[in-house]
Amino acid sequence: SYGVGATYVTSAGDTTLTIGGGFSGSEIANTGTQLVADKEGFNVGISAVTGDLTIGLGYGDGDSFNDNGGTQGKIQQVNGNVMKAGISYVSGDLTVAVGTTSGEAKDSTTAGTAGTTDDSHDATSASVTYAVASGVSAVLGYTTVDQNDEGAADASSGGSAWYVGA
């Protein structure tokens, strides 16, 4: 197995920019039938901070497999990617944040056969946080999630919700 990564930080005026990324991989021998003998992935990300405003974006992609029981036909091949983005702004005791996640993967539990249909997860959330006192915050937020399993909408795993907390 191996892995390598790097981060670069620079300033442009009053903005601090951070760029990072990495790559990792490994190879193993498996006793069952498998499509590949390796696991690999990479990720990249960038964030910018200007005063009280922070913006971030990240992307990852990879492939993997799992031996689900040690017998032929139980190997699961997964190829997927995910993108996340977010923004937050702080003004005194008030913080406003918005974020999104979008990911998809193809998986297969048939030995020697690649997956052909997508599983996906898409989520968006927003929140407002108010610092009531030292160490105490009040939060109002909203989240919505859409899921697909094997190319079909999965209403039992998605939905939306408001939340209030302290």
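What you see is a predicted model, and the numbers here were worked out from it, not measured in a lab.

Trainee: Looking at this structure, how should I read the overall build of the chain?
Mentor: Scanning the chain for helices and strands turns up zero helices and 10 strands. Listing every helix and strand of the chain by position from the N terminus yields β-β-β-β-β-β-β-β-β-β. A buried classification covers 14% of the 166 residues belonging to the chain. Here the contacts in the chain between residues at least 6 apart in sequence split such that 41% fall between residues at least 24 apart. As presented, the chain carries roughly 10000 Å² of accessible surface, and 57% of it is formed by carbon and sulfur atoms.

Trainee: Looking at this structure, how should I read a nonpolar patch on the surface?
Mentor: Judged by side-chain polarity, L94, V96, V128, Y130, V132, V136, L140, W162 and V164 come together as a nonpolar surface patch covering roughly 860 Å² of accessible area. Of all the elements in the fold, those that place two or more residues in the nonpolar patch are β6 (94-108), β7 (118-133), β8 (136-149) and β10 (159-165). Element by element, the count of residues in the nonpolar patch is highest for β7, at three residues. Looking at where Y130 falls in the secondary structure, it is placed in strand β7. Judged by relative accessible area, which is 42%, Y130 ranks as partly exposed.

Trainee: How do you make sense of the pairing of strand β1 (residues 2-12) when you look at a structure like this?
Mentor: Along any regular strand, the residues point their side chains to alternate faces of the sheet. Little of β1 is tucked away, with zero of its 11 residues classed as buried. With 11 bridges connecting them, β1 and strand β2 (residues 15-27) associate as antiparallel partners. Residue pairing across strands places A12 opposite T15, the latter belonging to β2. The turn linking β1 back onto β2 is made up of two residues, and G13 within it adopts a positive phi angle of 65°.

Trainee: Would you mind showing me how to read the packing of aromatic side chains here?
Mentor: Aromatic ring pairs: the centre-centre distance and the angle between the two ring planes describe each pair. Under the defined criterion, the tally for this structure stands at three aromatic pairs. Centroid distance F42 to Y59: 5.9 Å. Interplanar angle 50°. Geometry classified as tilted. Pair noted here: F42 is in strand β3 (residues 38-50) and Y59 is in strand β4 (residues 53-67), with a separation of 17 residues, a long-range link.

Trainee: Is there a simple way to explain the confidence of the model for the chain in this structure?
Mentor: Atomic detail in the predicted coordinates should be set aside for any region of low pLDDT. For the chain, the average pLDDT comes to 85, and 81% of its residues sit at 70 or higher. Per-residue pLDDT, averaged within each element of the chain, yields its smallest value for strand β9 (residues 152-153) (76) and its largest for β1 (94).

Trainee: How should I be thinking about the side chain of S120 in this particular structure?
Mentor: As for its placement among the helices and strands, S120 is situated in strand β7. Judged by relative accessible area, which is 14%, S120 ranks as buried. Discounting residues that sit within four places of it in the chain, S120 has contacts with G103, E104, D146, Q147 and N148.

Trainee: Which parts of the structure should I look at to understand the side chain of D119?
Mentor: Counting through the fold element by element, D119 comes out in strand β7. Although D119 is buried, it makes no salt bridge; K106 carries the closest opposite charge, 10 Å away. If we ignore the near neighbours within four places in the chain, the residues touching D119 are G103, E104, A105, D107, N148, D149 and E150.

Trainee: Please clarify how the environment of E104 should be interpreted in this entry.
Mentor: Note on placement: E104 falls in strand β6. We classify E104 as partly exposed; its relative accessible area is 38%. In this structure, the C-alpha to C-alpha distance between E104 and D119, residues 15 residues apart in sequence, is 5.5 Å. Excluding residues within four positions of it along the chain, E104 makes contact with N79, G80, N81, D118, D119 and S120.

Trainee: Sorry, what's going on with the environment of V82 here?
Mentor: Here V82 lies in strand β5 (residues 75-91). The spatial distance from the C-alpha of V82 to the C-alpha of S120 is 9.4 Å, given a sequence separation of 38 residues. In contact with V82, other than residues within four places in its own chain, are G58, Y59, G60, T101, S102 and G103.

Quick notes on the rules
Residues numbered from 1 in each chain as written. Predicted model: local features only at pLDDT ≥ 70, side-chain atom pairs only at ≥ 80, totals over all residues. Heavy atoms only, no water. Helix = DSSP H or I, 4+ residues; strand = E, 2+ residues; numbered from the N terminus. Buried < 20%, exposed > 50% of the residue type's maximum accessible area, 1.4 Å probe, protein only. Contact = heavy atoms within 4.5 Å. Areas by Shrake-Rupley, 256 points an atom, 1.4 Å probe, with all protein chains shown as cover. Patch = residues over 30% accessible without salt bridge, like charges linked within 9 Å, V, L, I, M, F, W, Y side chains within 5 Å. Salt bridge = Lys/Arg side-chain N within 4 Å of Asp/Glu carboxyl O. Pairing = 2+ DSSP bridges. Phe/Tyr/Trp six-rings, centres within 6.5 Å; stacked < 30°, edge-to-face > 60°. pLDDT = per-residue confidence, 0-100. Lys, Arg positive; Asp, Glu negative; His and termini not counted.

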